[in-house]
Amino acid sequence: MWKRLKRLHHLNGYATLFLFISGILLFIPSLRGPLALYRVMLKDAHIWIGFATVAFLLLYFRYFAFHYKVIKKQQGKKRNLAMVIGLIIGWIISGTVLTFQRSLPEEIVQASLIIHDVFTWIGLPVLLFHSVTRASWFRKKSDQLQEKKKNLYAFSRRGFFKYGIVTLLAIILGPSIYKWLKQVTDDGGSTLKSVTLKSTNELSPMPIPATQSTPPIGGGYEGKFRIYTVTETPVFTNENWNFTIDGLVDEPVSLSWEEFVKLKRTVQVSDFHCVTGWSVLHVTYEGILLKDLMKKVKLKENTSHLKFYSGDGVYTDSLSLEQAVLDDVMVAVLMDGELIPSDFGGPVRLIVPKMYAYKSVKWLVRIEAIDQVHEGYWQVRGYDTDAWVGS
């Protein structure tokens, strides 16, 4: 029985290691571009291996009484067992919610995302420490060093190595954990101006916010934007920025920044939903409704879709004409009364509130009328062409 329990322990360890590696690869924003071709496959593998841990946990409960009997007099091992089981159950529950997020209430999804992240940042150093200090090579080396009796400290060599591992993990993981904690605990509502001040764009004149934007009628957005990009953030000036509408149109339009900011704008309050599970609520956007903007050109009869180009020169996406004329699809310039920062997709980005945010193209510089479905950057890598929230 002990051999079977040990084998099950090893299988779960390998699965957990894969989940750690794949989860961190999926989390790191700077890797979204380099890993784009494999991201959907990696996400699917993460989900399926996560469900495999459910089977491992159920199998383990067959041996729980035996295992507990072996360690019941060892308080440290009992605490460790409780912690590991708690982490696994937390990951399973929160991961299941995130897998089926489209059919669950937003509040539960948001809470599960935070729980999943918290358990990961707690569990990663704990289980790495657990794995290393209980590995046969570590025990052997530690015992050999202990036999030499060269104790310069009040604790054993094994204790020295354990504290050394803890210190090393803190150095390696500390900055990432701090960045994540700052991202999660910051409500974002009071930081937009500071983000705007760090924006790399240099454009003038600045658009004058409407009275509904200052103060924002949405009351200030609630939540925290996570910065995702597949390229380096582009920098725009009056010299290199212009806005084009072309393709299957009778009268193409090309606007400079000075001309663009003179267009009549409207204000709306929208929620912003990312397909990875997080949301930012009650954002006050100011811009031009897409259906109004397209009235500036005459579409040819065979037009069926609009293709959107990012100023990064890489990212594209599209909407059908039926989707494009929805009342809340906007080419936005301001959010909560401030020019959209470059990190958030400014100076101009598409906003499609009823769809997940990968449809809301950042750094929007061109709209092309086309006669067929265009599969955008993430669609060719496995994402849905229609990204309706909740569907």
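Refer to the structure above for everything that follows.
Residues numbered from 1 in each chain as written. Predicted model: local features only at pLDDT ≥ 70, side-chain atom pairs only at ≥ 80, totals over all residues. Heavy atoms only, no water.

As for the nonpolar core
- One finds Phe243, Phe260, Leu290 and Leu350 to be the most contacted residues of the largest nonpolar core, which totals 48 residues.
- For this core, the elements supplying multiple residues, two or more each, are helix H2 (36–60), strand S1 (242–247), strand S2 (253–256), helix H9 (257–260), helix H10 (290–293), strand S5 (305–310), strand S7 (330–335) and strand S10 (364–370).
- No other element matches the 4 residues that S10 contributes to this core.
- Grouped together as the second largest cluster of nonpolar side chains are 21 residues, Leu98, Val109, Leu113 and Ile340 included. (Core = buried A, V, L, I, M, F, W, Y, C linked by side-chain atoms within 4.5 Å. Buried < 20%, exposed > 50% of the residue type's maximum accessible area, 1.4 Å probe, protein only. Helix = DSSP H or I, 4+ residues; strand = E, 2+ residues; numbered from the N terminus.)

Overview of the sheet that holds S5
- Strand order across the open sheet formed by 5 strands is S2-S1-S10-S5-S6, with mixed pairing between neighbours. The strands lining the two open edges of the sheet, one partner per strand, are S2 and strand S6 (316–320). If you compare each strand with its neighbour and ignore which way they point, the axes differ by 15° on average. (Pairing = 2+ DSSP bridges. Axes fitted to C-alpha atoms, helices over the stretch in contact; angles between N-to-C directions.)

Some points on the pattern of salt bridges
- Inspection of every chain in the model, using the stated rule, returns 9 salt bridges.
- Close ionic contact of arginine 265 with glutamate 286 constitutes a salt bridge, the shortest N to O distance being 2.9 Å. Placement of the pair is arginine 265 in the loop between H9 and strand S3 (266–273) and glutamate 286 in strand S4 (residues 279–289), with a sequence separation of 21 residues.
- A relative accessible area of 2% places glutamate 286 in the buried class.
- Between lysine 295 and aspartate 292 there is a salt bridge whose closest N-O contact spans 3.5 Å.
- Among the residues examined, lysine 295 registers a relative accessible area of 65% and is labelled exposed.
- The exposure class of aspartate 292 is partly exposed, given its relative accessible area of 33%.
- Taken together, the shared-partner salt bridges connect Asp246, Arg366 and Glu368 into one network. (Salt bridge = Lys/Arg side-chain N within 4 Å of Asp/Glu carboxyl O.)

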